[in-house]
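Reading the structure
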Amino acid sequence: MKFNVKDNCIEVSNGSKSIFVTIVTEDIINISDGIKSDFKQDKDKIKSNVKFEVLEKENSIKTNKFLIKVDNLVVDIYDLKNNPLCVNYQKDIVSKKIEASEAAKIVGHVVDEAAINNENMIKIKTSKDSLFFGLGDKPGFFNRRGYEYVNQNADVFDPHLENMKNIYKSVPFFIVKEPNFNYGIFFDNTYKSNFDFCYTSEEYYFFGAEKGSKDYYFIFGDGLKDVVSNYTLLTGRSPLPQLWTLGYQQSRWGYENENDVYKLVELFEYHKVPLEVVYLDIDYMEAYKSFTISKERFPNFKKLVSDLKAKGIKIVTIIDPGVKAEKGYYVYDEGIENNCFATIDGEVYENVVWPGDSVYPSYVSAKVRKWWGEKINFLLDLGVAGIWNDMNEPASFKGPLPDDVVFSGDDKQYLHEEVHNIYGHYMCEATYEGLLNYDGKRPFVLTRACFSGTQKYSTFWTGDNHSIWAHIQLAIPQQISLGLSGLAVVGTDIGGFGSNTTKELLCRWIQLGIFSPLCRNHAGNSTRLQEPYQFDQETIDIYKEMVELRYNLTPYLYNLLKEHEETGLPVIRPLLMHYENDKNTYNMNDQFLFGENMLVCPVVNQGDRNKRIYIPEGDWYDYFTKKKVPNGYSIYDAPLNTIPMFVKGGTIIPEYKNVLNLDNPEKIEELYLNCFGDSKCVHYQDNATDFKYQNNEYNLYEFTVKGNKLTTKMLHNGYKEYKSIKIK
Ligand code: GLC
């Protein structure tokens, strides 16, 4: 075995084959077969000067944390006391898959895929007590142990349930929690890939892809927090959003014309429910053609946007990637002229999406991304505030795109099978750049499909859920999982997208939804109307109170988003993230932490008027009554108008009061400190609009409250200060 060191990369060769071990940081080791794809996360950007030593005689590499043994080109990672951390399972996988019978296939039963090819899978030994987390939006509980998954972005309208192996997003990152240590694996491969977390065997888990490279990162961390932080160091974090994006957002596929929108705004005003953003779904376009506006239904679009803007309400429009194949339609014509679309056998490839026959822009090309980004100006010139990217798995109604559809890059061609999972990612990059270049404000992009790293460009929603209790239940573990996968700025369709909601479900969903960074009610076009005023006065009252609470909590949420930008930690967290030694938290799917110090226990079962809650160690107080609550399990009263939520003693929640629109952050001059005992917090403030904060234009306050006395220390002073800071 020969060891060849170049900078922080060690090539280990047996004469005919090589494996590459890169010491990316103290905690991150990259293991690769050396096959280069253009779509790898750019580990070279991280400047590493970690010291290591090659022990050639022992076929190993020693860092200050790990002993990396390379035997027969198999890379095993141990700690310095020679305890195994990430060690290969060297026997073959014994598949337990049963082929479905012909009869089962005829009635449409799910047919299991053929056995996995051993050669391509990376098999790692694990203990009976290990837990698995992450892997993006996969439906089900957030502990993934016992399940197998596939990463292949898919537009799935059937209710998302734990038996589904893949839906819209592909995030090939997961965390392994062993009894005495934690680590993550990021499999840097964009092809369709497989993950088996002790579904096949209790002795090992495996992951891999039939195509592309065997290239993965071992990401260590003392706790789950450090693993997530290290993973996002590698793939990126969401930059701070504009403040208005944290306001209440209303959407529906079915606001068909200007009148519908004016009526909607009027009704929100009438019922005094704060409204920050209205979404326009595909109906605003002319025949579902991206970058057009229906003259018939939206004849005075610009006026509509500015009338709403005068009330502080922003418009966000949907954009689909599928471009209608129609000569004379300018986007199609320009794209054809400049070879912007995917091809097959030398011809532009067509499939069917909303506009009918459609073609697919090749976003893997920087030239195409620039073109697409500039197309957005059409909407921005009209005053649109953000872009909602949908159908970017990419969706196709006439069967899946064949693997060999060609997507041209700038100087190279790629096959669909390689770029499918990153199609949405590059569409978001194009959109983000387009928005940024337009006015330099923090871009608001919302996307359904994505890959690892898309968090740098976009906010996420969980796609087409249904108005069913199973889906309000899913909203908790799904958002937890997205957060553990680096996607912190997320939300679900409040009320449910498909199927018909009920009053009770909507009330419970808004109680949960106000804690999502994206707080948006959205519904499908053939479903029951679900704006809050579609039900009775009680619904309006509950809804309004929740939305107002959301506005009050905005400064706290904004702080959490700043924390995410700096550390990669999510907003919606499993209890386990901060109570790793408490086994009760390991499978807790029906309550979550909103930042470290707020605990939210939503009611997610029909008819329940109380909730079985679990309070971890420490002093905790009811948010509303400020009464101390007992540790451990208890039954808590939760009538329909109540969301059980608790705050840890010693915490200050920075809040607004009577700020029910976030359009002018610079006009918000009062801050209220909601204190839970003698307490302390660091509070971040900036113009919440552009990127000046990156040039020191921000404030960092340190508040300390003892008794009723507030002491404020400015840790950084670079922005206009609040005029008044009061204890609530
Ligand atoms: C997709 C989206 C949904 C949208 C609809 C129509 O189903 O997921 O949110 O309303 O398309 O554009």
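Everything numeric here is computed off the predicted structure, so don't read it as measured data. (Residues numbered from 1 in each chain as written. Predicted model: local features only at pLDDT ≥ 70, side-chain atom pairs only at ≥ 80, totals over all residues. Heavy atoms only, no water.)

1. Considering the overall build of the chain
Along its length, the chain carries 13 helices and 47 strands. Expected size for 728 residues packed as a compact globule is a radius of gyration near 27 Å; at 26 Å, the chain falls within 12% of this value. Once the C-alpha set of the chain is aligned to its principal axes, its extents read approximately 75 × 70 × 60 Å. The buried share of the chain, taken over its 728 residues, is 62%. (Helix = DSSP H or I, 4+ residues; strand = E, 2+ residues; numbered from the N terminus. Rg over C-alpha atoms; globule rule 2.2 N^0.38 Å. Buried < 20%, exposed > 50% of the residue type's maximum accessible area, 1.4 Å probe, protein only.)

2. Overview of the site of the ligand
Surveying the vicinity of the ligand reveals the residues Trp253, Asp281, Ile282, Ile318, Trp354, Trp388, Asp390, Arg448, Trp461, Asp464, Phe497 and His522. In this structure, an oxygen atom belonging to the ligand sits 3.0 Å away from a side-chain N or O atom of Asp390. The contact in question runs from an oxygen atom of the ligand to an N or O atom on the side chain of Arg448, over 2.8 Å. Across the complex, the protein chains shield 97% of the 310 Å² of accessible surface that the ligand would expose by itself. (Near = heavy atom within 4 Å. Polar contact = N/O pair within 3.5 Å; in protein donor to acceptor, adjacent residues only side chain to side chain. Areas by Shrake-Rupley, 256 points an atom, 1.4 Å probe, with all protein chains shown as cover.)

3. Some words on the pairing of strand β6 (residues 60-63)
Bridging between strand β5 (residues 52-55) and β6 involves four bridges; their strand directions are antiparallel. Residue pairing across strands places Val54 opposite Ile61, the latter belonging to β6. In this antiparallel pair of consecutive strands, β5 and β6, the connection spans four residues, and Asn59 shows a positive phi of 50°. Judged from the three bridges that link them, β6 and strand β7 (residues 66-71) form a sheet pairing that is antiparallel. (Pairing = 2+ DSSP bridges.)

4. A short note on a negative patch on the surface
On the surface, Asp345, Glu347, Asp403 and Asp404 cluster together into a patch of negative charge. In this structure Asp404 comes out as partly exposed when scored by relative accessible area, which is 42%. (Patch = residues over 30% accessible without salt bridge, like charges linked within 9 Å, V, L, I, M, F, W, Y side chains within 5 Å. Salt bridge = Lys/Arg side-chain N within 4 Å of Asp/Glu carboxyl O. Lys, Arg positive; Asp, Glu negative; His and termini not counted. Charge placed at Lys NZ, Arg CZ, Asp CG, Glu CD.)

5. Quick notes on helix α6 (residues 366-375)
If you check which residues of α6 are buried, you get Val368, Arg369, Trp371, Trp372, Gly373 and Lys375. Elements in contact with the buried residues of α6: β20 (314-319), β21 (323-324), α5 (330-337), α7 (377-381) and α9 (423-439). For α6, the N-terminal capping position is held by Ser365, with its side-chain oxygen 3.2 Å away from the main-chain nitrogen of Lys367. (Contact = heavy atoms within 4.5 Å.)

6. Quick word on the pattern of salt bridges
Per the counting criterion, the structure on display carries 35 salt bridges. Ionic pairing is found between Lys65 and Asp27, a salt bridge with its closest N-O pair at 2.6 Å. Of this pair, Lys65 sits in the loop between β6 and β7 while Asp27 sits in the loop between β3 (18-23) and β4 (28-32), and the two are 38 residues apart along the sequence. Overall, the relative accessible area of 13% leaves Asp27 in the buried class. In this structure, Glu374 and Lys370 form a salt bridge, with 3.0 Å as the shortest nitrogen-oxygen distance. With Glu374 and Lys370 both in helix α6, this residue pair falls four residues apart, about one helical turn. Overall, Glu374 belongs to the partly exposed group, its relative accessible area being 42%. Each of Asp155, Asp390, Glu393, Arg448 and Asp464 takes part in a single network of salt bridges with overlapping partners.

7. Considerations on the packing of aromatic side chains
Counted under the stated rule, the structure contains 59 aromatic pairs. Note on Phe291 and Trp372: the rings are 4.9 Å apart at their centroids and 70° apart in plane angle, and the pair reads as edge-to-face. A residue pair is termed long-range when its members are at least 10 positions apart, and Phe291 in the loop between β19 (277-280) and α4 (301-310) and Trp372 in helix α6 qualify at 81 residues. Accessibility classification places Phe291 together with Trp372 in one group, the buried group. Taking the centre distance of 5.7 Å and the plane angle of 70° together, the rings of Phe407 and Tyr423 count as edge-to-face. You can see Phe407 sitting in strand β27 (residues 406-408) and its partner Tyr423 sitting in helix α9, a full 16 residues away along the chain. There is no split in this pair, since Phe407 and Tyr423 are both buried. Cation over ring: Arg520 sits above Trp388, and NZ or CZ is 4.5 Å from the ring centre. Across from the ring centre of Tyr684, 4.8 Å away, lies the NZ or CZ of Lys562, which sits over that ring. (Phe/Tyr/Trp six-rings, centres within 6.5 Å; stacked < 30°, edge-to-face > 60°. Lys NZ or Arg CZ within 6 Å of the ring centre and 35° of its normal.)

8. Structural notes on unusual backbone geometry
Cis geometry marks the peptide bond from Glu393 to Pro394; its omega dihedral reads -5°. Mapped onto the fold, Pro394 is located in the loop between β26 (386-389) and β27. You will see that Asn59, though not glycine, has its phi angle at about 50°, which is positive. Following the sequence through the fold, Asn59 ends up in the loop between β5 and β6. Of the residues examined, Asn59 reaches a relative accessible area of 22% and is grouped as partly exposed. At Ala688, a position not held by glycine, the phi torsion is positive, near 55°. Within the secondary structure, Ala688 sits in the loop between β44 (679-686) and β45 (698-706).

9. Focus on the sheet that holds strand β34 (residues 572-573)
Taking strand neighbours across the sheet as the criterion, the six strands line up as β34-β35-β36-β41-β38-β39 in an open arrangement whose pairing is antiparallel. Looking along the sheet, the strands with just one partner apiece sit at the ends: β34 and β39 (628-629). Note: strand β38 (residues 620-622) against strand β41 (residues 645-648), three bridges, orientation antiparallel. Bridging across to β41, Asp622 finds its partner in Phe646. Along the sheet, helix α13 (residues 554-567) contacts β34, β35 (592-594) and β36 (598-600); its crossing angle with β35, the most-contacted strand, is approximately 95°. (Axes fitted to C-alpha atoms, helices over the stretch in contact; angles between N-to-C directions.)

10. A short note on the pairing of strand β14 (residues 181-187)
Most of β14 is tucked away: seven of the seven residues are buried. By the bridge criterion, six bridges tie strand β13 (residues 173-178) to β14 in an arrangement that is antiparallel. Directly across from Glu178, in β14, lies its bridge partner Phe181. Between the end of β13 and the start of β14, which pair antiparallel, lie two residues. Here β14 runs beside strand β17 (residues 215-221); their pairing, made up of six bridges, is antiparallel. Paired with Phe186 across the bridge in β17 is Tyr217.

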